[in-house]
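Notes for the structure review
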Amino acid sequence: MTKSLTAPAADDGEAGHRTRLLFFGFDSSEPSHIRRIRSFLDCGLDLRAVTMRRDVDGDDDGPAVFWDNIHLGTTHHAAMGQRLCAIARAIATLPKHRKQLQNFDVIVARNLDMLAIAVAARTMIRPAPPLIYECLDIHGLMTDQGRKGRLVRAFERMLLKRTSALIVSSPAFVNEYFKPVQGWAGPVTLIENKLWLGPNSADRPAPDTDNLQAKEGPISIGWVGTLRCAHSLEILAETARRLGDRIEICMHGIIHRHALPDFDATLVKTANLQYLGPYTYPDGLADIYTNCDLVWSQDLWQLGTNSTWLLPNRIYEAGYYGCPSIAVAHTETGRRVEEGLGWTIPTPSADDLCDLIMSLDPQEIAKKSQDLLARPNAEFQQTCAEIRAAVEQPLASS
């Protein structure tokens, strides 16, 4: 029987108990990996990570890390053949790390590459601990209807038979993929892409619903985080050109130039489209979101599959700091935004985005911002109880 998909709740656990976690991650330099590892450590888990690293200009010595780490080598973005070779090489090196893999209570493997390596590693561990598969995206290959897609899905199903539980960041990943496509009927825990701010909350503006002061000047729309969606860039740039000095688009984060080859040319052609560079997490978030009136929260990179199903970091970051989101209706992001986090547009187009912006009164935006600030921190911020309950779930049922 499939357990219900709910966010976990847990108490602080037994005094003095430290769950020993072996974590397999595909990119030790990637910000969300670092946040996840930091959250495990902050929540009192005794962690060792087994990681690879992506795109480090030929440096295979491993990253500078603040955690106990076994480095398995380098792989590259969007290079599936090279990634398969890297997985094979990593599995071949596992025996020399056999002693370092022992004496853990639970294994978490983040993405399919690392699940394959973790399954191989688990055969060397006695007694073998439960294995959790953490899935934060459904790669385009997993939904491909051709021969390659069928082969990869069959490979994943084989690995799932050796898996004790799933962690997903969106319920749609289970409802649209893991249950109907892969036939998963085991335990699932929902860990949304909420802010990780450590055991304590970061400073958050206090709501002031008695003083709804609308901002003067152009409406500022942010696009924040991993900037890789060409369709989003196209919509935002076209909206900026049509509305002129009535709006400004401010982009913050890391540009994936392999996905956005025309990024610089688009900036040159669009005066009110600005790229303000990368930022530190979480310290840079407050300044970004408090200086935006709205944020573009919709991912369109794989619309119809992963982008339709996911729940992105942006809706939680923006909500925490009182910045309303814009998303596309009939997506999982849009449905969540329609629960009071902002507004949706009917289709992913500059026409609909322009219509929405022109229909919004500055006072209406200010009120929505204050409403967001009045919502509890727990809607946007992850807790140690959630983290520990997800990791320790298989231990409770064993």
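The notes below deal with the structure included here. As the structure is a computational prediction, the values presented were derived from the model and not from experiment.

**Observations regarding the pairing of strand 2 (residues 46-54)**
The buried fraction of strand 2 is high, at seven of nine residues. Bridge analysis of strand 1 (residues 20-25) against strand 2 gives six bridges, and the strand direction is parallel. Pairing of Arg20 across the sheet is with Asp46, part of strand 2. Where strand 2 and strand 3 (residues 69-75) come together, five bridges link them in parallel fashion. Looking at strand 3, one finds that Ala49 is bridged to Asn69.

**Some points on the packing of helix 3 (residues 112-122) against helix 4 (residues 147-160)**
One way to put it is that helix 3 packs onto helix 4 with a least axis distance of 10 Å and a crossing angle of 45 degrees. Classified by the interaxial angle, the pair formed by helix 3 and helix 4 is oblique. As helix 3 runs across helix 4, the sense of the crossing is left-handed. In this structure, helix 3 contributes Leu112, Leu115, Ala116 and Val119 to the contact, and helix 4 contributes Val152, Phe155, Glu156 and Leu159. Of the residues in the contact of helix 3 with helix 4, the class split is seven nonpolar, no polar and one charged.

**Quick notes on helix 10 (residues 313-320)**
Along helix 10, seven of the eight residues are buried, which leaves the element largely enclosed by surrounding structure. Regarding helix 10, the residues found buried are Arg314, Ile315, Tyr316, Glu317, Ala318, Gly319 and Tyr320. In this structure, the buried residues of helix 10 make contact with strand 8 (219-227), helix 8 (285-290), strand 11 (294-296), strand 12 (325-328), helix 11 (332-337) and helix 13 (362-373). Immediately downstream of helix 10, the backbone of Gly322 shows phi near 80 degrees, a positive value.

**A word on the sheet that holds strand 11**
Sheet architecture is open: six strands sit in the order 10-9-8-11-12-13, paired in parallel fashion. Only two strands of the sheet have a single neighbouring strand rather than two, namely strand 10 (273-275) and strand 13 (342-345). Averaged over neighbouring strand pairs, the angle between their axes works out to 30 degrees when direction is ignored. When strand 9 (residues 247-255) meets strand 10, the two strands line up parallel, connected through three bridges. Counted as the bridge partner of Ile249 is Leu273 from strand 10. Against the sheet, helix 10 contacts strand 8, strand 11 and strand 12, and its axis sits at roughly 135 degrees relative to strand 8.

**What to know about the sheet that holds strand 2**
Adjacent strands of a sheet form backbone hydrogen bonds with each other and so pair up, either parallel or antiparallel. With parallel pairing, the seven strands of this open sheet are ordered in space as 3-2-1-4-5-6-7. Among the strands making up the open sheet, the edge pair consists of strand 3 and strand 7 (188-190). Adjacent strand axes in the sheet meet at a mean angle of 20 degrees when their direction is disregarded. Pairing of strand 5 (residues 131-135) with strand 6 (residues 165-168) involves four bridges; the strand directions are parallel. Bridging from a neighbouring strand, Tyr133 pairs with Leu166 of strand 6.

**Structural notes on the pairing of strand 6**
Side chains Ala165 and Ile167 project from strand 6 onto one buried face, and the interleaved Leu166 and Val168 project onto a second face that is buried too. Tracing the backbone out of strand 5, into helix 4 and back to the parallel element strand 6 gives a crossover that is right-handed. Summarising the sheet, strand 6 and strand 7 pair through three bridges and their orientation is parallel. Bridge pairing in strand 7 places Leu166 opposite Val188. Running through helix 5 (residues 171-178), the crossover from strand 6 to the neighbouring parallel element strand 7 is right-handed.

**What to know about the environment of Asp264**
Within the secondary structure, Asp264 sits in helix 7 (residues 263-269). Distance from Asp264 to Ala389, taken between C-alpha atoms, is 44 Å for residues 125 residues apart in sequence.

**Concerning the layout of surface pockets**
Within this model, the second largest pocket holds a volume of roughly 460 Å³. In terms of lining, the second largest pocket is formed by 24 residues, of which the most central are Lys215, Cys292, Asp293, Ala366 and Ser369. Taken together, the elements giving at least two residues each to the lining of the second largest pocket come down to helix 8 and helix 13. Tallying contributions element by element places helix 13 first for the lining of the second largest pocket, with six residues.

Thresholds, definitions, all that
- Residues numbered from 1 in each chain as written.
- Predicted model: local features only at pLDDT ≥ 70, side-chain atom pairs only at ≥ 80, totals over all residues.
- Heavy atoms only, no water.
- Buried < 20%, exposed > 50% of the residue type's maximum accessible area, 1.4 Å probe, protein only.
- Helix = DSSP H or I, 4+ residues; strand = E, 2+ residues; numbered from the N terminus.
- Pairing = 2+ DSSP bridges.
- Axes fitted to C-alpha atoms, helices over the stretch in contact; angles between N-to-C directions.
- Parallel < 35°, antiparallel > 145°, perpendicular 65-115°, else oblique.
- Left-handed = near helix turned anticlockwise from the far one by under 90°.
- Contact = heavy atoms within 4.5 Å.
- Nonpolar A, V, L, I, M, F, W, Y, C, P; charged D, E, K, R; others polar.
- Right-handed = clockwise from strand over helix to strand, strands pointing away.
- 1 Å grid on protein atoms, 1.4 Å probe; cavity = no way out; pocket = protein on both sides within 12 Å on 5 of 7 lines; lining within 4 Å.
- Points joined across faces, edges and corners; volume = space filled by probe spheres on them.

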